[in-house]
Amino acid sequence: MAADARLGPEGPPLRYPIDSVSVTVRHSPGPVRGAQVRQLVLPGAGRATLTRGEAAASFDYAAADLMGVLNSLYRMRFFDLPTDLVARYSVYLKDDGTVGTGHMRLLDRASTEVCVRLADYEKCVRYADGEPVALDALVRQLDAEADQRVAAARPK
């Protein structure tokens, strides 16, 4: 890993304490009436928190589980991804024979943002429409696990 130019001074630190780590997943519903923001925070120390709108619930989340999440993020090269994958780019042919480039930011669409904090370093990636697939699969897994843990932690 040390040979990768994106680690160290140009990217995430090579060493950091686990209690300085947090992973946050925030789902923004876009313009859907009545839909609520959902946020999951997985800290390196303490209890995880799942917030839906104004309602918050916490649950135990072991450092070993967080290490699995970090390993998945490093494997998919999360820290090399652009920060905004919701913007759409296209090219078109103009009447004079030149190629033009279009850029459309879709600020009001439903999206997911994943932020990873490692000590003083933070990287956030915002995406929509299930792309990138590996990141979306990890987010879906984390959401499902959080829902299960919150349900299990509720008094019966």
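I'd love a proper account of unusual backbone geometry, names of residues and values included.
A negative phi holds for most residues other than glycine; trans holds for most peptide bonds. Residue E131 is joined to P132 through a cis peptide bond whose omega torsion reads 5°. With a phi angle near 60°, R77 is a residue other than glycine that sits in the positive phi range. Following the sequence through the fold, R77 ends up in the loop between α1 (63-75) and β5 (88-93). Of note in this structure, A119 is not a glycine but carries a positive phi near 60°. Mapped onto the elements of the fold, A119 is located in the loop between β7 (111-118) and β8 (121-127). Residue class for A119 comes out partly exposed when judged on its relative accessible area of 27%.

I'd like a rundown of the nonpolar core, residues and numbers included.
Counting 28 residues, the largest nonpolar core has L42, F59, L73, F78, V116 and L135 as the members making the most contacts within it. Residue assignment for this core shows that the elements contributing at least two residues are β1 (21-28), β2 (38-43), β3 (48-52), α1, β7, β8 and α2 (133-153). Per element, the largest residue contribution to this core is six residues, and it comes from α2. Beyond its immediate sequence surroundings of up to four residues, L73 is in contact with V23, F78, V116, L135 and L138.

What counts, and where the lines are drawn
Residues numbered from 1 in each chain as written. Predicted model: local features only at pLDDT ≥ 70, side-chain atom pairs only at ≥ 80, totals over all residues. Heavy atoms only, no water. Helix = DSSP H or I, 4+ residues; strand = E, 2+ residues; numbered from the N terminus. Buried < 20%, exposed > 50% of the residue type's maximum accessible area, 1.4 Å probe, protein only. Core = buried A, V, L, I, M, F, W, Y, C linked by side-chain atoms within 4.5 Å. Contact = heavy atoms within 4.5 Å.

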